[in-house]
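Architecture and fold: a report
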Amino acid sequence: MSSDVMLQVAAVEKSFGGFQALRGVSLDVAQGQALGLVGPNGSGKTTLINVISGIYRPSAGHVRFLGRQIGGLTSDRVSHLGINRTFQVPKPFGSLTVRQNVDVALSHSRRSRRKAEDILAFLDLAAMQDREASSLNTAQQKLLDLGRALATDPRMLLVDELGAGLSPADLDIVAAKLNALRQEGITMLVVEHLLGFLAKVTDDVIVMNAGQEIFYGKLEAAAEDPKVVEVFLGG
Ligand SMILES: Nc1ncnc2c1ncn2[C@@H]1O[C@H](COP(=O)(O)OP(=O)(O)O)[C@@H](O)[C@H]1O
Ligand SMILES: [Mg+2]
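Below you will find a few notes about this structure. (Residues numbered from 1 in each chain as written. Chains lettered and ligands numbered in written order. Predicted model: local features only at pLDDT ≥ 70, side-chain atom pairs only at ≥ 80, totals over all residues.)

**A closer look at the pairing of strand β3 (residues 34-38)**
For the record, the criterion: To sort residues by exposure, count the other C-beta atoms lying within 10 Å of each residue's C-beta; 20 or more gives buried, 12 or fewer gives exposed, and values between give partly exposed, all with C-beta atoms placed from the backbone. Where helices and strands are cited, they refer to DSSP runs of H or I of at least four residues and of E of at least two residues respectively, numbered from the N terminus. When DSSP finds two or more bridges between two strands, those strands count as paired.
With respect to burial, β3 is a largely interior element, 4 of its 5 residues being buried. Pairing of β3 with strand β8 (residues 187-191), which is carried by 4 bridges, proceeds in the parallel orientation. Bridge pairing links Leu-35 to Leu-189 in β8. Summarising the sheet, β3 and strand β9 (residues 204-209) pair through 3 bridges and their orientation is parallel. Residue pairing for β9: Gly-36 is matched across the bridge by Val-205.

Laid out in structure tokens, this is it:
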């Protein structure tokens, strides 16, 4: 593995009972890269994020982060090592305030150099920090979930459909946030259906179908790849 590879996923499989959600996925994410991940619903994108972030143990294969084996570690361990993720459907502590949600995340992370004030200001949530999290709109809940992940001071972020359900104006704001984090040096794996959003925040993309990678390269090239076209238009 070359020295600038931060995350290496090698031949990872994940089965639920007799159903194989991941059928041997391999990918590298280089330090500083923002790699996009697209594919139809059910193709295994969230499962892959769940395996990398320690929610699921892989049924086979390896996950290495900075050369260290992390497949099967708990999500706490994985986040201490420097990977955190957002959730496709954020689940903040609804009866806690916005600020308290960030404080809880900070209290779970050792040696975070981030402060709640900075996180809330960065995410434009400072003005609503004393509101109950359940009162936030979709975009704000997604930003708060990003804040929870940022509290652990990740070197790598796994972003699961952060753009889904947002207005075009909110999408631009969220894309700008991700780009700012990348400027800070955070490496990213970004799952997204919205191709315009992906084009703004990623370099290369991987296309998955039925638990397997079917394309790796530039987003524009994906649109002309026969296998990709078949998956999106033929099925
Ligand atoms: N915990 C689980 N138990 C059983 N099946 C699951 C579980 N998680 C995901 N799956 C199945 O695995 C497949 C991939 O799901 P998912 O990774 O969520 O897809 P995507 O994020 O690409 O839409 C789907 O068929 C889904 O129903
Ligand atoms: Mg998903």
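Continuing now.
**Some thoughts on the packing of helix α3 (residues 98-107) against helix α5 (residues 138-151)**
Operational definition: Where helices are involved, their axes are fitted lines through C-alpha atoms of the stretch in contact, as for all axes, and angles between N-to-C directions lie from 0 to 180°. Geometric relationships in this document are graded by angle, where less than 35 degrees denotes roughly parallel, more than 145 denotes roughly antiparallel, 65 to 115 denotes roughly perpendicular, and other angles denote oblique. Each helix crossing is assigned a hand: it is left-handed if the near helix lies turned anticlockwise from the far helix by less than a right angle, otherwise right-handed if that turn is clockwise. We call two residues in contact if the C-beta atoms placed from their backbones are at most 7 Å apart. Classes in brief: Ala, Val, Leu, Ile, Met, Phe, Trp, Tyr, Cys and Pro nonpolar; Asp, Glu, Lys and Arg charged; the others, Gly included, polar.
In the contact formed by α3 and α5, the axes pass within 8 Å of each other and the chain directions differ by 25°. The orientation of α3 with respect to α5, classified from their angle, is roughly parallel. Here the hand of the crossing between α3 and α5 comes out right-handed. Each of Val-98, Asn-101, Val-102, Ala-105 and Leu-106 in α3 lies in contact with α5, whose residues at this interface are Leu-144, Gly-147, Arg-148 and Ala-151. Among the residues forming the contact of α3 with α5, the class breakdown is 6 nonpolar, 2 polar and 1 charged.

**Here's the deal with the nonpolar core**
Soluble globular proteins tend to bury their nonpolar side chains together. As a reminder, the rule being used: In plain words, the nonpolar core is the set of buried Ala, Val, Leu, Ile, Met, Phe, Trp, Tyr and Cys residues that C-beta atoms within 7 Å link up.
Counting residues in hydrophobic clusters, the biggest one holds 61 residues, and the most contacted among them are Leu-37, Ile-52, Val-159, Met-188, Val-190 and Val-207. Of all the elements, α5 adds the most residues to this core, at 6 residues.

**Some thoughts on the site of ligand 1**
The line we're drawing: Any residue whose C-beta atom, as placed from the backbone, lies within 6 Å of a molecule or strand is termed near it.
In the vicinity of ligand 1, the contacting residues are Phe-16, Ala-21, Gly-39, Asn-41, Gly-42, Ser-43, Gly-44, Lys-45, Thr-46 and Thr-47. The element contributing the most residues to the shell around ligand 1 is helix α1 (residues 45-52), with 3 residues. Within the shell around ligand 1, the residues separate by chemical class into 2 nonpolar, 7 polar and 1 charged.

**A closer look at the sheet that holds strand β2 (residues 19-30)**
With respect to topology, 4 strands assemble into an open sheet ordered β2-β1-β4-β5, the strand pairing being antiparallel. Looking at strand neighbours, the two that pair on one side only are β2 and β5 (68-69), the edges of this open sheet. Pairing geometry for strand β1 (residues 5-16) and β2, over 9 bridges, is antiparallel. Its bridge partner lying in β2, Glu-13 is registered against Arg-23.

**Description of the environment of Asp-118**
Relative to the elements of secondary structure, Asp-118 occurs in helix α4 (residues 116-122). Residue classification places Asp-118 among the partly exposed residues on the basis of 13 C-beta atoms within 10 Å. Linking Asp-118 and Asp-4, residues 114 residues apart in sequence, is a C-alpha distance of 29 Å.

**Quick look at the environment of Gly-211**
On the secondary structure map, Gly-211 appears in the loop between β9 and β10 (212-218). By C-beta crowding, Gly-211 is classed as buried, having 23 other C-beta atoms within 10 Å. Distance from Gly-211 to Val-63, taken between C-alpha atoms, is 16 Å for residues 148 residues apart in sequence. With sequence-adjacent residues up to four places away left out, Gly-211 is seen in contact with Gln-20, Ala-21, Leu-22, Arg-23, Ser-43 and Gly-44.

Function-wise, these values are silent; they only describe arrangement.
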